[in-house]
Amino acid sequence: MRYGSVSVLALVNAIMLAGTAKAADASDTNTNPSGSPGTNTATPPKKAAATPTQPASATTKSTTTGSPNSPGVVTKLDTVVVTAQAGSYQATQASSPYYTQPLVDTPESITIVPQAVIKDQNATTLRDILRNVPGISFQAGEASSTVAGDNLSIRGFNARNDMFVDGIRDIGIYTRDPFNTEDVEVVKGPASAYEGYGETGGSVNLVSKTPSLTPDYEASGGVGTNAYNRETVDINQPIQEFGNTGMAFRLDAMHQYNDVASRDFVNDGRWGFAPSLAFGLGTPTRVTLSYLQQREDDLPDYGFPFVNANAIKAGTYAQSQLNKIATVPYSNWYGLLYRDHESSNTEMPTLKIEHDFDGGIKLVNQTRYDRTDFYSYNISARFDNPPPASTPPLTLNMITREPSARSELDTLLDNKTFVTIPFETWQIPHTLVASLELSRETDDFSTATGPFVDTSLYNPNPYAPYNGKMSWTDTTNNEIDDVALSLFDTIKFTPQWELTGGARYDRLNSSSVDPGPLTPSNFDELSNLASWRVALVYKPLPFGSIYAGYGTSYNPSIQGISDGASNDGLAANTTNLPPEEDISYEIGTKWDVLDQKLSLTLALFRTDKTNARVIDPTLPGTVYTLSGVQRVQGAEFDVAGSITKEWKVFGGYVYMPSWVVSGPPSSFPNNTLPNTPQQSGSIWTTYDLPCHFVIGTGVQAVGQRFSAVNDLNSSPGYWTQQAMVGYQATKNVDIQLNVSNLWNEEYIDLVGAHQVVPGAGRTIILTTSIKF
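Note that the structure is predicted; figures quoted are calculated from it, not measured.

> Quick question: what am I supposed to make of the pairing of strand β36 (residues 718-728) here?
Two faces make up the sheet, and in a regular strand the side chains alternate between them. Counting buried positions along β36 gives eight out of 11 residues, so the element sits mostly inside the fold. Judged from the 10 bridges that link them, strand β33 (residues 693-702) and β36 form a sheet pairing that is antiparallel. Its bridge partner lying in β36, G696 is registered against M724. The pairing of β36 with strand β37 (residues 733-740) spans six bridges and is antiparallel. Bridging across to β37, Q728 finds its partner in D734. As consecutive antiparallel partners, β36 and β37 are separated by four residues.

> Is there a simple way to think about the pattern of salt bridges in this case?
Two side chains carrying opposite charge are able to pair once their charged atoms lie near each other. Evaluated as defined, the whole model comprises 41 salt bridges. Here K539 makes a salt bridge to D105, at a shortest N to O gap of 2.5 Å. Taken together, the positions of K539 in strand β25 (residues 521-541) and D105 in the loop between β2 (74-77) and β3 (110-113) put the pair 434 residues apart, joining distant regions of the chain. Judged by relative accessible area, which is 7%, K539 ranks as buried.

> It is not clear to me how the confidence of the model for the protein chain should be interpreted in this structure. Could you clarify?
It should be kept in mind that the predicted coordinates are not to be read in detail where pLDDT is low. Looking at the protein chain as a whole, the pLDDT averages 87, with 86% of positions reaching at least 70. Taken together, the stretch residues 1-82 has pLDDT below 50 and engages in 141 contacts with residues farther than four places along the chain or on a different chain. Long-range and interchain partners of residues 560-566, a stretch whose pLDDT sits below 50, account for 28 contacts in this model, where long-range means more than four residues apart.

> It is not clear to me how the sheet that holds strand β16 (residues 304-305) should be interpreted in this structure. Could you clarify?
Working definition: the strands of a sheet are paired by backbone hydrogen bonds and lie parallel or antiparallel to each other. Overall, antiparallel pairing links the three strands, which are arranged β16-β39-β38 in an open sheet. Of all strands in the sheet, those with a lone pairing partner are β16 and β38 (748-751), marking the two edges. Of the pairings in the sheet, the one linking β16 to strand β39 (residues 755-758) comprises two bridges and is antiparallel in character. By the bridge assignment, P305 is partnered in β39 with Q755.

> Any chance you could explain unusual backbone geometry here in plain terms?
Generally, phi is negative for residues other than glycine and the peptide bonds are trans, each holding for most cases. Here the residue pair G516 and P517 is connected by a cis peptide bond, since its omega of 10° sits within 30 degrees of zero. With respect to the helices and strands, the residue P517 is situated in the loop between β24 (497-514) and β25. You will see that R155, though not glycine, has its phi angle at about 50°, which is positive.

Reading guide: rules and limits
Residues numbered from 1 in each chain as written. Predicted model: local features only at pLDDT ≥ 70, side-chain atom pairs only at ≥ 80, totals over all residues. Heavy atoms only, no water. Buried < 20%, exposed > 50% of the residue type's maximum accessible area, 1.4 Å probe, protein only. Helix = DSSP H or I, 4+ residues; strand = E, 2+ residues; numbered from the N terminus. Pairing = 2+ DSSP bridges. Salt bridge = Lys/Arg side-chain N within 4 Å of Asp/Glu carboxyl O. pLDDT = per-residue confidence, 0-100. Contact = heavy atoms within 4.5 Å.

What follows is the structure in structure tokens.
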């Protein structure tokens, strides 16, 4: 389905026409070297990396108190600290108020993928962006139990519920498009002390674009293989009609449609719209109103299965193929065209108020309502015997279509307040950050299944009718009310030694209600939870640091099994269980080298889930107990920035063995954690050539992954290569060619418990951007 393109294309055309007229007017006033008017002899500048960089957001104004020569200097920032310079691969500051120090002095692993990397790679989904971050793997949606959307793991633990937009949790099921995103921040290691429940392996935060007082107009259009087309608009307009009020308006919009290379029939379509209005920019009091809407309509891909005993009994596969991925053409799709579809609609209005007081004190309050409607009709292909039991067994070269559906509404109402207070005690500077968060999350869902039908394993018919009747469950209503307080302090004892630490308390009131009539139930749980974090930093030189840190997190039962992968709420076998608890140790070093243009990070880490939910083998049925210990540990290296003025690089590598340390036999002691490759990494680099050209290439590699903790079904490791060529045709026009999966490798992208989803084949995209 193609939709929404008319209005977006109209905006693109309007901006192009306005920009052309503006460029024509400007050319009339240009002068040649002899001073004659009306002659434009200016040479188009080189690619952006070869020009002086400018801040990606509002500039910062700093003032100091105390003696500049003493350690008691307090620095005040009147506006938000920029996270990266425009065009740079190197980020210098995380966006959250919790992080008061530059990244090089922040004692934990944080990877920030800046706007320049996103643009150079033409990354159009959050998944595309996160492929640059080692230690992240993606999970397949499966039937109606394991949700689709951006379902991922960080350092071995599921992080579907650990997604944030501007520091506020985003719980919706959808594919996040970065059209309104400035950069993406990945914090690794337990972080409940910052943001509350979850975050065993880490969290992902999307930093939104905001208005500024600098006029900026940009439009882009892209076409490519597999019916790809994408149009975007980014308009930033200061408003001066009301005097010097610091008003500005920004509009970002997007439309995209594409088929998926090397996958029959699968397609993705979405559009987005994100206006924002700011008041008081450049003044002590700033107010920003913003709204985000993204709608998507897809033909979903649920891949193909692992080989099981049924396929072997039918004679389709030999015993040696047991637990391996079914050997079928990677293009095979087992869905039904007249039945399958998946859609979501996300709306996110936000009000943000900031005020700078004297003495460097800063207050930030943010209120958001977040709503996502998700609807899916999909088919999982399995080697199963169609029910009822009297149905004949699976026959040679056949596979079973298992139809399912899910309808879900996720909402969040959140108000978060930060106050940052710099002060001194005995000439020792402190930066105190306190927060209060009030939130209510709701998750209302219902699932359905239908009669199974068989189809050909090698030649499935996507046009076959489906006459089975879907049987829907009751709607389950999950709710989480949270009141949270946190307090953090960073103490600079000397220019070389810093100590940072703090804690968060959450009062979490959760419930799951099934009103019936099929299976009525009512479960509730009240948890008083505390988490904390502490770290010590030593700076042998101003541009480097060595640190050691310790942190905790927790996972309440409301998240469901596997850290929220299923999102199904409380049940009789989980309601009375206390939260899972996690601890993390990390030591590392960070250096900004080559005139501080290149950031290098090395970290050694260990994360333990000390009381994992596991099935109690001493009790009948599926009864959970907290008696398992799970561990992920390893080493990670990251690099970001510029090697020379023309040569930029961004990448990382992680080695992280994982295993079940202890637990009952049902927890599979000594086995590998699911969807956790022992090794993964990526590297992306670009080089500015003469004559306004830029070239780039990169490699992404992921090791073997097991689909479940029983270590039976596994997906082989893979690597893919990407490439790009860019050309700056004029001062205002850029042309860029991107090729993903350059060698058209067949590989598995998403891994589920019973099935896998192949990655896209070679895709070629040509994008033209116009900016004024």
